Amino acid sequence: MDVLRIGLIGAGRIGKIHGENSARFIPGARLEGIADIAMQEEQQTWAKGLGVRLISAHPQDILGDPAIDAVLICSATDTHADLISAAAAAGKHIFCEKPIDLSVPRVKAALAAVKKAGVTLQIGFNRRFDRTFKRIRELTLAGEIGDVQLIKITSRDPAPPPQAYVAVSGGIFMDMMIHDFDMARFQAGSEITQVYAMGAVLIDPEIGEAGDLDTAIVSLTFANGALGVIDNSRKAVYGYDQRVEVFGSRGATRGENETADQVTLATASGLVSAKPLHFFLERYQGAYRAELASFVDAVLHHRSPEVSGEDGLENMYAALAAGKSLKEKRPVSIDEVRVE
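Residues numbered from 1 in each chain as written. Predicted model: local features only at pLDDT ≥ 70, side-chain atom pairs only at ≥ 80, totals over all residues. Heavy atoms only, no water.

Participant: Explain the nonpolar core to me, and be specific about the residues and the numbers.
Facilitator: When a protein is soluble and globular, its nonpolar side chains tend to lie buried together. Formed by 95 residues in total, the largest nonpolar core has its most connected members in Ile34, Ile94, Phe173 and Phe181. Those residues in contact with phenylalanine 181 that lie beyond four places of it in its chain are Phe173, Ile192, Val218, Leu220, Ile230, Asn315, Ala318, Ala319 and Ala322. (Core = buried A, V, L, I, M, F, W, Y, C linked by side-chain atoms within 4.5 Å. Buried < 20%, exposed > 50% of the residue type's maximum accessible area, 1.4 Å probe, protein only. Contact = heavy atoms within 4.5 Å.)

Okay, structure coming up:
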């Protein structure tokens, strides 16, 4: 196989990012079809502009097409697990946006279907592929900072999401911080064994009315003995705040925010520089392309994906443990939330 023929399921905001990337920027990929259950005229026009041959309101048209080798699942969260199982049964390789589902048994059933079919599954934890965060990990693996002892992750959005989104998102730990759990595991090179969560509603009362938080801090313990801390906020007035620090026995590495330019204006009044890039679509544009290129390469060259279904499950366990910790006001072991 020299070219991976791809079908996209879900043509919303993130689906369009993956669709554009697979059609225009990923070597070895060819976008063959796009399906969305709420396909609108605007989406049809966009799909035609990408030159795809199949445009449909029925995901089954993608899954049943023998000329499609792999699917990108970018639909609503509550459809992910069923689509993974259906795609696996159809013999399609699968890239799926996070999370796989909000139910551990459904996630495990989807992973079992993938294993039975022998297809590739990669989950969309794109931040591992960010050039800055990837470089931090490379330096750690090279031994530059010695043994990892502390990991600090800051992730703050520029504005809170709509209440309607919050109500179906699975909560701040499952929707937002799950990316940071993945980053923490990635940078530590070790699994999270215990979490202790604190949270509050300090920004938008409507988020609290929807049963969620807008501000949270979680401390982590890893199997290798390292410690970590993650802080999340739904509103940073200065922009999208994404920083990672890894501290070790011989030194430390730190990844700072990306800005529109690297210019600093120095005057008698002080120093002024650009704010961080606005939000995730801008900040992680390169990471989205890199993760999809990695998926295509994994399938074409028969290697394991860089972010597996098991990674998705471990991140989910951390999110569930954080929710339990918040509710019970105590540290919670990951083993307490594992479902056999």
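Moving on from the coordinates now.
Participant: Go over the pairing of strand S8 (residues 192-200), please, and point to the residues and values.
Facilitator: Each regular strand displays side chains that alternate between the two surfaces of the sheet. Bridge count for S8 against strand S9 (residues 215-222) is eight bridges, and the pairing is antiparallel. What sits directly across from alanine 197, in S9, is valine 218. (Pairing = 2+ DSSP bridges. Helix = DSSP H or I, 4+ residues; strand = E, 2+ residues; numbered from the N terminus.)

Participant: Describe the sheet that holds strand S3 (residues 54-56), with residues and values.
Facilitator: Ordered in space as S3-S2-S1-S4-S5-S6, the six strands form an open sheet in which the pairing is parallel. The sheet is open, and its two edges are formed by S3 and strand S6 (121-123), each paired on a single side. Ignoring which end each strand starts from, the neighbouring axes of this sheet average 20 degrees apart. Sheet analysis places strand S4 (residues 70-73) next to strand S5 (residues 93-96), joined by four bridges and oriented parallel. (Axes fitted to C-alpha atoms, helices over the stretch in contact; angles between N-to-C directions.)

Participant: So what's going on with helix H4 (residues 77-89)? Residues and values would help.
Facilitator: The principal kink in H4, of about 25 degrees, is found at leucine 83. Listed as buried for H4 are His80, Ala81, Leu83, Ile84, Ala87 and Ala88. Where the residues of H4 are buried, they touch strand S1 (4-9), helix H3 (59-63), S4, S5, helix H5 (104-117) and S6. Immediately downstream of H4, the backbone of glycine 91 shows phi near 80 degrees, a positive value. (Bend = angle between axes of the 7 residues up to and from the residue.)

Participant: Account for the sheet that holds strand S11 (residues 241-248), with residues named and values stated.
Facilitator: Strand order in the open sheet made by the seven strands is S12-S11-S7-S10-S9-S8-S15, with mixed pairing throughout. A strand with exactly one partner marks an edge of an open sheet, and here the two such strands are strand S12 (252-255) and strand S15 (332-333). Bridge count for S8 against S15 is two bridges, and the pairing is antiparallel. By the bridge assignment for S15, glutamine 194 is matched with serine 333. Relative to the sheet, helix H9 (residues 178-188) contacts strand S7 (148-156), S8, S9, strand S10 (227-233) and S11, its axis offset from that of S7 by approximately 155 degrees. Against the sheet, helix H13 (residues 309-328) contacts S8, S9 and S15, and its axis sits at roughly 50 degrees relative to S8.

Participant: Outline a nonpolar patch on the surface, listing residues and values.
Facilitator: A surface patch of nonpolar side chains, amounting to about 330 Å² of accessible area, comprises Tyr196, Met198, Ile217 and Val229. Assignment of secondary structure puts tyrosine 196 in strand S8. (Patch = residues over 30% accessible without salt bridge, like charges linked within 9 Å, V, L, I, M, F, W, Y side chains within 5 Å. Areas by Shrake-Rupley, 256 points an atom, 1.4 Å probe, with all protein chains shown as cover. Salt bridge = Lys/Arg side-chain N within 4 Å of Asp/Glu carboxyl O.)

Participant: Account for the side chain of serine 155, naming residues and giving values.
Facilitator: Residue placement: serine 155 occurs in strand S7. According to the relative accessible area criterion, serine 155 is buried, its value standing at 1%. Within the structure, the side chain of serine 155 is placed 2.9 Å from the side chain of glutamine 242, a separation counted as a polar contact. The contacts of serine 155, once residues within four sequence positions are left out, are Arg127, Met176, Asp180, Asp231, Asn232, Ser233, Asp241 and Gln242. (Polar contact = N/O pair within 3.5 Å; in protein donor to acceptor, adjacent residues only side chain to side chain.)

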